[in-house]
Amino acid sequence: MSLARRLLLRASRSVWLARELRRRAFLRRAVRRFMPGEDLAAALDAAAGFARDGIGAVLTELGEQVTHAVEAAAVRDRYRDALDRIGQRALPGHISVKLTHLGLDVDRDACLAHLLALAERAAGAGSFVWIDMEESRYVDVTLELFRRARAARDNVGVCLQAYLRRTLEDLVSLLPLAPAIRLVKGAYNEPPAVAFARKREVDGCYVMLADRLLQEAARGRARPAFGTHDLRLIAGIRERAAALRSSGDGYEVHMLYGIRAAEQRALARDGVRVRVLISYGTHWFPWYMRRLAERPANVWFVVRNLL
Ligand SMILES: Cc1cc2nc3c(=O)[nH]c(=O)nc-3n(C[C@H](O)[C@H](O)[C@H](O)COP(=O)(O)OP(=O)(O)OC[C@H]3O[C@@H](n4cnc5c(N)ncnc54)[C@H](O)[C@@H]3O)c2cc1C
C-alpha cells in the first residue's frame, strides 16, 4: 500500500481533521464530484436521472460508528423515509447501510431489528437493502447479522471484500443462503496479516472470487453484484459470464457516483445491469478520504479547487 494511501486512510479516522475541514468551501466543492448534494432530495433526483438511462441506483446516507441508541433509531427512520420516497417515485433504487451507522457498536439486537425494519419497508417499496462491509473487526458480526436477516427476508444482501484473506471461506459459508453478494476490493487500512497489501494480489483474489460467484449464480446459488470501476476486471467478468451462459440478469455491476460515468452508461447500453451508488448526508469526511485514498491523484482535484 502506498504511503499516500496510508496517510489518507489515517486522515479518514481523524475527528479533528473532519471538524476543521468539513466546512471549508474548497473541499465542499471538490466533494461534489462524488455526490450530487448533501440532502436526500438531491440523491433521489440523481437516481431519477440515472433511471432515464436505464441505470439503477443504490442510495446511502453517509455516517458510521454512531454511539447512541437514539441516533441509530434516527438513522433507521431517515432510511425508512428514503425507502418511502423511492416507492412513491417508483425509482429503481436500493439502499446500502453501514451496520455501525445503525448502532452495531451500541446494541447488536437493536441493530438487527433496525435492519429488519428497513428490509420490510424496502419490500413494500419494491426495493432492496445492501449491507456495506466496514473494517475487518466488524466482519464476523456483520456476517452474523446478515445471516439472521437473510433467514427472515430475501431482499437483503451483503458486501464482501476481496482484499481480506478470509473472504473465500466467508463466501463458501454463505452459499447455502443463496446470498446476494456485492464483491468489492476493500477500502480500509488493514494489516498484512488480514489483508493482501499488493494491488496485484487483491486483483487476483477478486478474479478468483468473481469466477466462483458467477459459477454459483449460474446454478442459482448466488446473486452477485460486482462493485468495481476496474474495466479490465469487468471485461473479464462479462466474458466469463457469457462462457457460463449466465444471462445479463445473472449479475449486476455497481459503481460509485462520479467515477467512470461514461462507462456506466456504455455498459447499460450494452445490456449489463448497472447500478450507481449515490451518497448523501453531511458526514462525508471519512468517506471522502477513502475515495481520495483509492486514487491519490484525486488530491490534485482538491488542490485545484483550493487554488
Ligand atoms: C458500489 C460500491 C460499493 C462499495 N462498498 C464498499 C464496502 O461496503 N466496503 C468497502 O470496503 N469498500 C467498498 N467499496 C469501495 C471498494 O472497496 C474500492 O475501494 C473501490 O471500488 C476502488 O476499487 P476498484 O474496484 O474501483 O479498483 P481500483 O483498482 O482501485 O480502480 C480501478 C480504476 O477505477 C478508477 N477509480 C477507482 N477509484 C477511484 C476514485 N476514488 N476516484 C477516481 N477514480 C477511481 C481509476 O481509474 C482506477 O484506475 C465500494 C465500491 C463500490 C463501487
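Our subject is the structure listed above.
Residues numbered from 1 in each chain as written. Predicted model: local features only at pLDDT ≥ 70, side-chain atom pairs only at ≥ 80, totals over all residues. Heavy atoms only, no water.

**Student:** Hey, could you go over the site of the ligand for me, with residue numbers and the actual values?
**Tutor:** Near the ligand lie 27 residues; those nearest to it are Lys185, Gly186, Lys199, Thr228 and Glu294. Within the side chain of lysine 199, an N or O atom sits 2.7 Å from an oxygen atom of the ligand. In this structure, arginine 291 approaches the ligand through a main-chain N or O atom, which is 2.9 Å from a nitrogen atom. Protein burial of the ligand: of its 920 Å² of free accessible surface, 88% is covered by the chains. Elements with a contribution of two residues or more to the shell around the ligand: strand S4 (156-161), strand S5 (180-184), strand S7 (252-256) and helix H12 (285-294). (Near = heavy atom within 4 Å. Polar contact = N/O pair within 3.5 Å; in protein donor to acceptor, adjacent residues only side chain to side chain. Areas by Shrake-Rupley, 256 points an atom, 1.4 Å probe, with all protein chains shown as cover. Helix = DSSP H or I, 4+ residues; strand = E, 2+ residues; numbered from the N terminus.)

**Student:** Outline helix H5 (residues 69-88), supporting the account with residue identities and numerical values.
**Tutor:** An ideal rise of 1.5 Å per residue puts 28 Å on 20 residues; H5 measures up with 29 Å between its terminal C-alpha atoms. What H5 keeps buried is the set Ala72, Ala73, Val75, Arg76, Tyr79, Ala82, Leu83 and Ile86. On its buried side, H5 packs onto helix H4 (40-52), strand S1 (56-61), strand S2 (93-97), helix H6 (108-124) and strand S8 (273-280). Directly after H5, the chain includes alanine 90, whose backbone phi takes a positive value near 50°. (Expected span 1.5 Å × (residues − 1). Buried < 20%, exposed > 50% of the residue type's maximum accessible area, 1.4 Å probe, protein only. Contact = heavy atoms within 4.5 Å.)

**Student:** Could you give an account of the layout of surface pockets, naming the residues involved and the relevant values?
**Tutor:** By volume, the largest pocket is sized at about 1,300 Å³. The wall of the largest pocket is formed by 47 residues, among which Lys185, Gly186, His229, Arg291 and Glu294 lie closest to the centre. Looking at the lining of the largest pocket, the elements that each hand over two or more residues are S1, S4, S5, helix H9 (199-218), S7, S8 and H12. Sorting elements by how many residues they give to the lining of the largest pocket places H12 first, with five residues. A class-by-class count of the residues in the lining of the largest pocket yields 19 nonpolar, eleven polar and 17 charged. Of the pockets and cavities examined, the second largest pocket occupies roughly 550 Å³. What lines the second largest pocket is a set of 22 residues, among which Ala18, Arg22, Glu64, His283 and Pro286 lie closest to the centre. (1 Å grid on protein atoms, 1.4 Å probe; cavity = no way out; pocket = protein on both sides within 12 Å on 5 of 7 lines; lining within 4 Å. Points joined across faces, edges and corners; volume = space filled by probe spheres on them. Nonpolar A, V, L, I, M, F, W, Y, C, P; charged D, E, K, R; others polar.)

**Student:** How would you sum up the side chain of histidine 254? Please name residues and give values.
**Tutor:** Residue placement: histidine 254 occurs in strand S7. At 2.7 Å, the side chain of histidine 254 forms a polar contact with the side chain of glutamate 252. Residue contacts for histidine 254: discarding those within four places in its chain leaves Val58, Trp130, Arg182, Ala225, Phe226, Gly227, Thr228 and Arg275.

**Student:** Please set out the packing of H6 against helix H7 (residues 139-152) residue by residue, giving values where relevant.
**Tutor:** Angle between the axes and distance between the axes: these two values describe a pair of packed helices. At their nearest, the axes of H6 and H7 sit 10 Å apart, and the two run at 45° to each other. Between H6 and H7, the interaxial angle falls into the category oblique. Pair H6 / H7 crosses with right-handed handedness. Residues Arg108, Asp109, Cys111, Leu112, Leu115 and Leu116 of H6 form the contact with H7, whose own contacting residues are Val141, Glu144, Leu145, Arg148, Ala149 and Ala152. When the residues that make up the contact of H6 with H7 are grouped by side-chain class, the tally is eight nonpolar, no polar and four charged. (Axes fitted to C-alpha atoms, helices over the stretch in contact; angles between N-to-C directions. Parallel < 35°, antiparallel > 145°, perpendicular 65-115°, else oblique. Left-handed = near helix turned anticlockwise from the far one by under 90°.)

**Student:** Requested: an account of the pairing of S7, with residues and values cited.
**Tutor:** Successive side chains on a regular strand alternate, one facing one side of the sheet and the next facing the other. Burial analysis of S7 places five of its five residues in the buried class, which makes it a mostly covered element. Residues of S7 alternate between two faces, with Glu252, His254 and Leu256 on one and Val253 and Met255 on the opposite face, all of them buried. Here three bridges tie strand S6 (residues 223-227) to S7, and the two strands are oriented parallel to one another. The partner of glycine 227 across the bridge, within S7, is histidine 254. In this sheet, S8 lies alongside S7 in parallel orientation, the contact comprising five bridges. (Pairing = 2+ DSSP bridges.)

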